[in-house]
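Chain by chain, the residues run as shown.
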Amino acid sequence: MVLGAMCGRMGRSTFLLTLLTTFSGIVNSTYGTWKSGFHSNRVNNLEKPSSQPHIIFIMVDDQGFRDVGYHGSEIKTPTLDRLAAAGVKLENYYVQPLCSPSRSQLMTGRYQIHTGLQHSIIRPSQPNCLPLENVTLPQKLKNAGYSTHMVGKWHLGFYKRGCMPTQRGFDTFFGSLLGSGDYYSHYKCDSPGMCGYDLHEGEEAAWEQDHGIYSTIMYTQKAINILASHNPKRPIFLYLAYQAVHSPLQVPARYLERYKSIPNLHRRKYAAMVSCLDEAVRNLTLALKQYGYYDNMVMVYSSDNGGQPMAGGSNWPLRGSKGSYWEGGIRAVGFVHSPLLVKKGSRSRALIHITDWYPTLVMLGEGTLDENQNLDGYDVWEAISEGRRSPRLDILHNIDPVYTKAKNGSWKAGYGIWNTAIQAALRVGDWKLLTGVPGYSDWIPPQTFSKLLLANRWHNERVNWDRGKSIWLFNITADPYERVDLSLRYPHVVKKMLIRLLRYNKTAVPCRYPPKDYRSNPQYNGGVWGPWYTNDDEDEDDNLLSYDLEQMKSWRKKKRRGKFKRKT
């Protein structure tokens, strides 16, 4: 009725023109408001801090169980002590006895028997690497929206481009590919005539970034630069894998001054290296606070294996050393520091293994886990943060079908269930079972006050009473130092654990431990350690990498009999 009156007064054509103009103005006004709101919301969403925590994983190399202040060491580690005291100390935490095995299980969440890396480490000259079919931790976090960066030691193979860190989920990589090397020059000799440079930026040699700086300091500065250039409102995964405190024993002189009172030169240098590492973690922590990461951050600190007494390390009072399946080789220094922890300042006795970081960190980062991944790790965040019971009930420390067989091992000693000549170690609840040759087995007090090297066997407790054995059973909760073998007292427990070991072994994949490939020599690659496989080599890859155990046995028998002829 109103429209009709207006139409009559204005005329039909004039009315329609006015109506269209008014409607257009309303539409433009509404669109302008919506458009402005859209861009405003978009900016707000970009600037809004992510609910996903920043994840900082610090992996150190060869730090012994005793070699941290809060474990009673004479080595001064005020930063580590303070971070651990304000976080959660992991006092029932296990890794693997060597570098590559621990790193492979961190990256995949799977036991060595399920990746084919159950024997030794990945050698620089081997055409071998972390199997490409495994989805890595950084790949999972990247899919969840994380920026992923690695600084430090890789040691998971590099014979072809697809094995490199930037091909396995890391946006950036700065560090070394091998297991060790000179801390200043970054050169490494694997054997006479097999020497090369090992510092990389991405997939190329980092000649221009190398200023001869001690690697612990250099890696820390690189990590800080990454933090400074990243937007703290976007989640970041920083994997900082220090070379320290692995041999060679090298350290800036100013750190040695603190330990003049230690007469043993190896121990003195080692202590100085740990102090330098402690200072590096301090500087990293200050950067996390300065650049706005700290309040929404989870920091994990872990050694990759036990200490090496020959190189100044100490696992006292635990038995054994790096490279062994005694507690001294596999029970590690570890803690979590984070403002997000519910029970800060606590000591966790929950059973935790290095494979557990994969599902724990993926779920913490709001990522997804696939059923077909067949993970061996568990999400242990509630056990760490809230003090709840660990979902983990057992740990397969390893089954190595290639390692030197125990001379007195037999099926009979294993009750017809298991050949005890084979090196294996299993933890179930309080019980720990070992078979075969577990590795160096003495208890070695700290070499602090001795000028003698370990080669002279200074006051270490030698084990004579179990020579010739091939099976051991310990109640680790009651006897963490493995002094009382209970295998004869509890044969029913031994049998149950052997059965479980057998079940695990049925799920094992063939061992990947190929022979040396002389094309890996850095002299063929501009003096640099790096990938040497070409596209033409890819077809032969599986044949070179997958080794059936029977073939390995046959090869070794021929070699012992002198029938093995080297191919020309």
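Because the structure is a prediction, the values reported are computed rather than measured.

Colleague: What is the right way to read empty space enclosed by the protein from this model?
Modeller: Picture a little ball the size of a water molecule; that probe, rolled over the atoms, points out where space is still empty. Per the stated rule, a full pass over the model turns up three cavities of 30 Å³ or more. Estimated volume of the largest cavity: approximately 80 Å³. Grouping the amino acids of the lining of the largest cavity by side-chain chemistry returns three nonpolar, six polar and four charged. Estimates place the volume of the second largest cavity at around 40 Å³. Surrounding the second largest cavity, Ser100, Pro101, Leu117, His119, Ser120, Ile121, Ile122, Asn128, Arg512 and Tyr513 form its lining. When the residues that make up the lining of the second largest cavity are grouped by side-chain class, the tally is five nonpolar, four polar and one charged.

Colleague: Would you mind going over helix H12 (residues 491-505) with me for this structure?
Modeller: Note on helix geometry: an α-helix contains 3.6 residues per turn, so any two residues three or four positions apart are oriented the same way. Helix length check: H12, at 15 residues, gives a terminal C-alpha distance of 21 Å against a target of 21 Å (1.5 Å per residue), a fit within 8%. The set of residues buried in H12 consists of Val493, Val494, Met497, Leu498, Leu501 and Tyr504. Down the axis of H12, the smallest arc covering the buried residues is 135°, so these residues share one side. More than 90 degrees from the buried face of H12, the exposed residues found are Lys496 and Arg503.

Colleague: When you look at the pattern of salt bridges in this model, what are you seeing that I'm missing?
Modeller: Opposite charge on two side chains allows them to pair when their charged atoms are near. Enumeration over the complete set of coordinates arrives at 23 salt bridges. For Arg267, the salt bridge goes to Glu74, with nearest N and O atoms at 3.0 Å. Of this pair, Arg267 sits in helix H8 (residues 265-290) while Glu74 sits in the loop between strand E1 (54-60) and helix H3 (78-85); the two residues are 193 residues apart in sequence, bridging distant segments of the chain. According to the relative accessible area criterion, Arg267 is buried, its value standing at 2%. Taken together, the shared-partner salt bridges in this structure form one network comprising Asp61, Arg103, Lys153 and Asp304.

Colleague: Looking at this model, I keep getting lost on the packing of H3 against H8. Mind explaining?
Modeller: A packed helix pair is summarised by two numbers, namely the angle formed by the two axes and the spacing between the axes. H8 packs onto H3 with a crossing angle of 55° between their chain directions and a minimal axis gap of 7 Å. Looking at the two axes, H3 sits oblique to H8. Residues Pro78, Thr79, Leu80 and Leu83 of H3 form the contact with H8, whose participating residues are Asp278, Val281, Arg282 and Thr285. Classifying every residue of the contact of H3 with H8 by side-chain character gives four nonpolar, two polar and two charged.

Colleague: I tried to follow the sheet that holds E1 on my own but got confused; where do I start?
Modeller: Within a sheet, adjacent strands bond to each other through the backbone by hydrogen bonds, running parallel or antiparallel. Judged by pairing direction, the sheet is mixed, and its ten strands sit side by side in the order E9-E8-E5-E4-E10-E1-E11-E12-E2-E13 without closing on themselves. Unpaired on one side and paired on the other, strand E9 (204-205) and strand E13 (346-348) mark the two borders of the sheet. Pairing of E1 with strand E11 (residues 297-303), which is carried by seven bridges, proceeds in the parallel orientation. Of the residues in E11, the one forming a bridge with Ile58 is Tyr301. Seen against the sheet, helix H4 (residues 99-108) touches E1, strand E4 (147-153) and strand E10 (236-241) and runs at an angle of roughly 175° to E10. Across the sheet, helix H10 (residues 357-364) is in contact with E1, strand E2 (88-90), E11 and strand E12 (334-337); its angle to E1 comes to roughly 160°.

Colleague: Even after reading the chapter, I still don't get the state of the cysteines, so can you show me in this structure?
Modeller: Scanning the model with the defined rule gives two disulfides in all. Two residues, Cys129 and Cys163, share a disulfide whose sulfurs are 2.2 Å apart. Because the torsion about its S-S bond is -60°, the bridge between Cys129 and Cys163 counts as left-handed. Of this pair, Cys129 sits in the loop between H4 and helix H5 (137-143) while Cys163 sits in the loop between E4 and strand E5 (172-176), and the two are 34 residues apart along the sequence. One disulfide in the model links Cys189 with Cys195; its S-S distance is 1.9 Å. Measuring the twist about the S-S bond at about 110°, one finds the Cys189-Cys195 disulfide to be right-handed. Numbered by position along the chain, the disulfide-linked cysteines of the chain connect as 1-2, 3-4.

Colleague: Sorry, what's going on with the sheet that holds strand E16 (residues 423-428) here?
Modeller: If you trace the four strands from one edge of the open sheet to the other, you get E15-E16-E17-E18, paired in antiparallel fashion. At either end of the open sheet lies a strand with only one pairing partner, and these are strand E15 (394-400) and strand E18 (471-475). The mean inter-strand angle of the sheet, taken between neighbouring strand axes irrespective of direction, is 10°.

Colleague: Would you take a moment to explain the packing of aromatic side chains for this structure?
Modeller: Between two aromatic rings, the relevant description is the distance of the centres plus the angle of the planes. Within the structure shown, the criterion is met by 19 aromatic pairs. Members of the aromatic cluster, each reached through a chain of ring pairs, are Phe57, Tyr93, Phe170, Phe237, Tyr239 and Trp357. Geometry around Phe174 places Lys222 over its ring, the cationic atom sitting 5.2 Å from the centre.

Colleague: Before we go on, may I ask you to explain the pairing of E18 in this structure?
Modeller: Put simply, side chains in a regular strand alternate between the two faces of the sheet. Most of E18 is tucked away: five of the five residues are buried. Side chains Ile471, Leu473 and Asn475 project from E18 onto one buried face, and the interleaved Trp472 and Phe474 project onto a second face that is buried too. Bridge count for strand E17 (residues 431-435) against E18 is five bridges, and the pairing is antiparallel. Pairing of Trp431 across the sheet is with Asn475, part of E18.

Rules used throughout
- Position labels on residues start from 1 in each chain and follow its written sequence.
- A pLDDT threshold of at least 70 governs which residues receive local features in this predicted model, and a stricter bar of 80 or more applies before side-chain atom pairs are shown or counted, although totals over entire chains, interfaces and linings include all residues.
- Calculated side-chain values reflect all of the structure's heavy atoms, with hydrogen atoms and water omitted.
- Put plainly, a pocket is an open set of points on a 1 Å grid over the protein atoms alone with protein on both sides within 12 Å along at least five of seven lines, a cavity is a set where a 1.4 Å probe fits but cannot get out, and a lining residue has an atom within 4 Å of a point.
- Grid points are joined across faces, edges and corners, and a volume is the space filled by probe spheres set on the points.
- Residues are grouped as follows: Ala, Val, Leu, Ile, Met, Phe, Trp, Tyr, Cys and Pro are nonpolar; Asp, Glu, Lys and Arg are charged; all remaining types, including Gly, are polar.
- Secondary structure elements follow DSSP: runs of H or I no shorter than four residues count as helices, runs of E no shorter than two count as strands, and numbering proceeds from the N terminus.
- The span you would expect from a helix comes to 1.5 Å times its residue count less one.
- Classification of residues uses two cut-offs on accessible area relative to the type maximum, computed with a 1.4 Å probe and protein chains only: under 20% is buried, over 50% is exposed, and between them is partly exposed.
- An arc is given here, and it is the one of the directions from the helix axis to the C-beta atoms.
- The salt bridge criterion pairs a side-chain nitrogen of Lys or Arg with a carboxyl oxygen of Asp or Glu, the two atoms within 4 Å.
- Under this scheme, a helix contributes an axis fitted over its contacting stretch, all axes are lines through C-alpha atoms, and angles between N-to-C directions fall in the 0 to 180 degree range.
- With respect to orientation, any angle under 35 degrees is reported as roughly parallel, any angle over 145 as roughly antiparallel, any angle of 65 to 115 as roughly perpendicular, and every other angle as oblique.
- Working rule for contacts: check all heavy atoms of both residues, and any pair within 4.5 Å makes them a contact.
- Any two strands are treated as partners once DSSP identifies two or more bridges connecting them.
- Throughout, disulfides are identified as pairs of cysteine sulfur atoms within 2.5 Å of each other.
- Think of it this way: a Phe, Tyr or Trp ring, Trp meaning its six-membered ring, pairs with another when their centres are within 6.5 Å, and the plane angle makes it stacked under 30 degrees, edge-to-face over 60, tilted otherwise.
- Note on geometry: a ring has a charge over it if NZ (lysine) or CZ (arginine) is within 6 Å of the ring centre and within 35 degrees of the ring normal.

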